[in-house]
Amino acid sequence: MLERLYCSRGTGGCFRHVRRDDTFFDMPRRPSLVAAAAAALCLAACAGSPVAGEPATTPVPPGATAAATLAPGEQPSFAFAGDCDSMVTEAEIEDLVGADITPLSAQPGGRASAVEVLGGLACGWGGGDYAWYVVLTVIPAEGLEATIAEYSYPGDHDCWGQNEVGAEGACYFGRVVAGYWLAGVFQVESGTGLLPTDSIDGLAAIVEARATDHPATPVAFPAGMWKPMQCGALSAGVAEKYPGESGAVSGTTPTGFVGPGFPAATATVGALRCNWSNSHRFVTELMPGAGWAIERLTDTAPIVVDGAVAAVVQHEDDGSARITATDGVNLAWITAAEGVSEVEAAAFLAAVMRAAAG
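What this report covers is the structure whose coordinates are included nearby. Keep in mind the model is a prediction, meaning the values are calculated, not measured.

Scoring rules and cut-offs
- Along each chain, numbering runs from 1 in the same order as the chain's sequence is written.
- pLDDT decides what is reported in this predicted model: residues at 70 or higher carry local features, side-chain atom pairs at 80 or more are listed and counted, and totals for whole chains, interfaces and linings draw on all residues regardless.
- Side-chain metrics in this entry use all non-hydrogen atoms of the structure; hydrogen atoms and water are not considered.
- Secondary structure follows DSSP: runs of H or I at least 4 residues long count as helices, runs of E at least 2 residues long count as strands, and numbering of each begins at the N terminus.
- With a 1.4 Å probe rolled over the protein chains alone, any residue whose accessible area is under 20% of its type maximum counts as buried; one over 50% counts as exposed, and the rest are partly exposed.
- Any two residues whose heavy atoms approach within 4.5 Å at even a single point are treated as in contact.
- Values of accessible area rely on a 1.4 Å probe in the Shrake-Rupley scheme; residue burial ignores everything except the protein chains shown.
- Cysteine sulfur pairs qualify as disulfides if the two atoms are within 2.5 Å.
- Nine residue types can take part in a nonpolar core, namely buried Ala, Val, Leu, Ile, Met, Phe, Trp, Tyr and Cys, and a core is a set of them joined through side-chain atoms within 4.5 Å.
- If DSSP finds at least two bridges between two strands, the strands pair.
- Between N-to-C directions, angles span 0 to 180 degrees; the directions come from axes that are lines fitted to C-alpha atoms, helices contributing only their stretch in contact.

**Focus on the overall build of the chain**
For the chain, the helix and strand inventory stands at nine helices and 17 strands. Looking at the 358 residues of the chain, the share that counts as buried comes to 51%. Taking the contacts inside the chain whose residues are at least 6 apart along the sequence as the reference set, 69% of them involve residues at least 24 apart. For the chain, the computed accessible surface area is about 14,500 Å², with 53% contributed by carbon and sulfur atoms.

**Notes on the state of the cysteines**
Using the criterion set out here, one finds three disulfides in the structure. Across a sulfur-sulfur distance of 2.1 Å, Cys-231 and Cys-274 are joined as a disulfide pair. Looking along the S-S bond of the Cys-231-Cys-274 disulfide, the torsion reads about -100°, which is the left-handed sense. Note that Cys-231 is positioned in helix 7 (residues 231-239) and Cys-274 in strand 12 (residues 272-276), a separation of 43 residues in sequence. Taken as a pair, Cys-231 and Cys-274 share a single burial class, namely buried.

**Examining the nonpolar core**
In this structure, Leu-118, Ile-139, Trp-181, Val-269, Met-287, Ala-290 and Leu-331 are the most contacted members of the largest nonpolar core, which totals 40 residues. Within the residue set of this core, elements represented by two or more residues are helix 4 (114-117), strand 6 (133-140), strand 8 (170-177), strand 9 (180-187), helix 8 (261-269) and strand 17 (331-336). Considering each element in turn, this core owes the most residues, five residues, to helix 8. Apart from residues lying up to four places away in sequence, Leu-118 is in contact with Ile-139, Pro-140, Leu-144, Val-219, Phe-221, Ala-265, Thr-268 and Val-269. Core analysis: the next-biggest nonpolar cluster, separate from the first, contains 30 residues, Cys-274, Trp-276, Ala-321 and Ala-325 among them.

**Regarding the sheet that holds strand 9**
The strand order across the open sheet built from six strands is 4-5-6-9-8-7, with neighbouring strands paired in antiparallel fashion. Of all strands in the sheet, those bounded by a partner on one side alone are strand 4 (102-104) and strand 7 (157-160). Within this sheet the neighbouring strands show an average axis-to-axis angle of 15°, counted without direction. Both strand 5 (residues 121-126) and strand 6 contribute to a ladder of six bridges, which runs antiparallel. Counterpart to Gly-126 in the pairing with strand 6 is Tyr-133. Lying over the sheet, helix 3 (residues 90-97) contacts strand 4, strand 5, strand 6 and strand 9, oriented at roughly 55° with respect to strand 9. Across the face of the sheet, helix 6 (residues 196-210) comes into contact with strand 6, strand 7, strand 8 and strand 9 while running at roughly 30° to strand 8.

Note that all results are geometric; they support no functional claim without further evidence.
Here is the structure:
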């Protein structure tokens, strides 16, 4: 397995691509593949920040070139009405990859993703006789010109695993199509003779045609959206409420077979996941601009979080509790292990939200 780290000369920020050798295409068949692909999508959809000791991702300031502003708590208009089939059908994906496919969800449990905050759509498909899958993000391009340039490939793609005629294998790619930044990873089925670059061209043509019924709207951010920050700065703010208790923090970097759209959205929005080294080992996540998403969470019960206009708790199968809260504009959540007081977790989340607000 080869890892390539792409870094910006302008911001110093980096994001990782994972490239695999030809043995990747002989991995176990569908059950293991679908689970692995779903896990990669989950990692990509969740907020991330650098692992201790790794290069930090410098966020792109949100709203710097945004052409519109949302009202506080207003949900953005999602690309293609938030429906993957409106962009490209399963049958069309099957034709482009040369195999049967299984749709995968990029937003597990109804949680918001940074792609959605930008008004984008994330779609994934897995399956086939050999290990491959397709992950796509489609995000409005207007207002994100600098980000797109930052995360683009020379020639709009980066391919590997091809034979002597360019067939087989997979490509990371990103290009602007009909006002959308279409990006992701596309792998064709082994033995079909399909060229992944041709399949990406075919996909782009489909998206361009469908965009006539779903025109792109400029990226817009709500007033009061939290500014991007790193876990260390968040920890300093929390320490005012919990002196000596918040300890050091580290985050996790979402990696996987996903292409440039997810890391670009994460940096632009300022989505952040922090692992706290306090006595309760809390995990917190921030999703600036996603306050509207609290209403779509399921299996919830109300809970009080100081300073929040709404807060709910969800109980997980492993005994942990996830508390999600919004200030009306932004979304934050905390995961507390089994046996940890939900009242204590809610109080810590309130401190995190105050620190995020500055």
